[in-house]
Amino acid sequence: MESSSILVVDDSKDFLFLLSSLLKFHKFSMDSAANAAEALKICSEKKFALIISDYIMDDMDGLEMCKIIRQEGPNKDAPIILITAKNLEENELQTLGSLSLTYIKKPVMPNELYRKITDMLGKST
């Protein structure tokens, strides 16, 4: 059976709380990770319907984490949303495309994120 859980990865406790609150408000099941290493461990053990991750984290950036997730394991085909305040360079945008990732710029508007999540999960808003 496909998991309907969403994994949220962010090393900012405040932003992790914000995303968690949004998902819980909309009745999504979720898990969270405080960094990329923790997320990779969780991703090796459980399949997710969607992964939402911050791009810039202390231990490993979100793009590198996604490259590892895409290599093998239960989430190699999971939809992934990266959230970033950074202006992405052309090579980063190409990498996002090659990994079938999408991104949202900070500041994140809750309605925009909710629409992106439901679009990626194939649900109607």
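Residues numbered from 1 in each chain as written. Predicted model: local features only at pLDDT ≥ 70, side-chain atom pairs only at ≥ 80, totals over all residues. Heavy atoms only, no water.

(A) Quick look at helix 1 (residues 13–25). Spanning 13 residues, helix 1 covers 18 Å between terminal C-alpha atoms, matching the ideal 18 Å at 1.5 Å per step. Along helix 1, the positions that sit buried rather than exposed are Phe15, Leu16, Leu19, Ser20, Leu22 and Leu23. On an axial view of helix 1, the arc spanned by its buried residues comes to 160°, and they lie on one face. Of the residues in helix 1, the exposed ones pointing more than 90 degrees away from the buried face are Lys13, Asp14, Phe17, Lys24 and Phe25. (Helix = DSSP H or I, 4+ residues; strand = E, 2+ residues; numbered from the N terminus. Expected span 1.5 Å × (residues − 1). Buried < 20%, exposed > 50% of the residue type's maximum accessible area, 1.4 Å probe, protein only. Arc of directions from axis to C-beta.)

(B) Highlighting the packing of aromatic side chains. Scanning the model with the defined rule gives one aromatic pair in all. Aromatic side chains Phe28 and Tyr114 sit 6.3 Å apart centroid to centroid with 55° between the ring planes, which places their arrangement in the tilted category. One end of the pair, Phe28, is in the loop between helix 1 and strand 2 (29–33); the other, Tyr114, is in helix 5 (residues 110–121), and 86 residues separate them in sequence. You can call Tyr114 buried: its relative accessible area is 19%. The cationic tip of Lys106 hangs over the ring face of Phe15; the distance from NZ or CZ to the ring centre is 4.5 Å. (Phe/Tyr/Trp six-rings, centres within 6.5 Å; stacked < 30°, edge-to-face > 60°. Lys NZ or Arg CZ within 6 Å of the ring centre and 35° of its normal.)

(C) Expanded view of the pairing of strand 2. Direction of pairing for strand 1 (residues 5–9) relative to strand 2: parallel, over a ladder of five bridges. In the sheet register, Val8 faces strand 2, and the bridge partner there is Ser32. Handedness of the crossover joining strand 1 and strand 2 through helix 1: right-handed. (Pairing = 2+ DSSP bridges. Right-handed = clockwise from strand over helix to strand, strands pointing away.)

(D) Examining the state of the cysteines more closely. For the structure on display, the rule yields zero disulfides. Looking at the unpaired Cys43, the closest cysteine sulfur is the one in Cys66, lying at 8.7 Å. (Disulfide = S-S within 2.5 Å.)

(E) Layout of the nonpolar core. Counting 22 residues, the largest nonpolar core has Leu7, Val9, Ile51, Leu63, Met65, Leu82 and Leu101 as its most contacted members. Among the secondary structure elements, those contributing two or more residues to this core are strand 1, helix 2 (36–45), helix 3 (62–71) and strand 4 (80–84). (Core = buried A, V, L, I, M, F, W, Y, C linked by side-chain atoms within 4.5 Å.)

(F) Region of interest: the pairing of strand 3 (residues 50–54). Taking burial as the measure, the five residues of strand 3 include five buried ones, the bulk of the element. Here strand 3 shows two buried faces, one formed by Leu50, Ile52 and Asp54 and the other by Ile51 and Ser53. Pairing analysis gives four bridges linking strand 1 to strand 3, with the strands arranged parallel. For Leu7, the partnering residue across the bridge sits in strand 3 and is Ile51. Read from strand 3 through helix 3 to strand 4, the crossover connection turns out right-handed.

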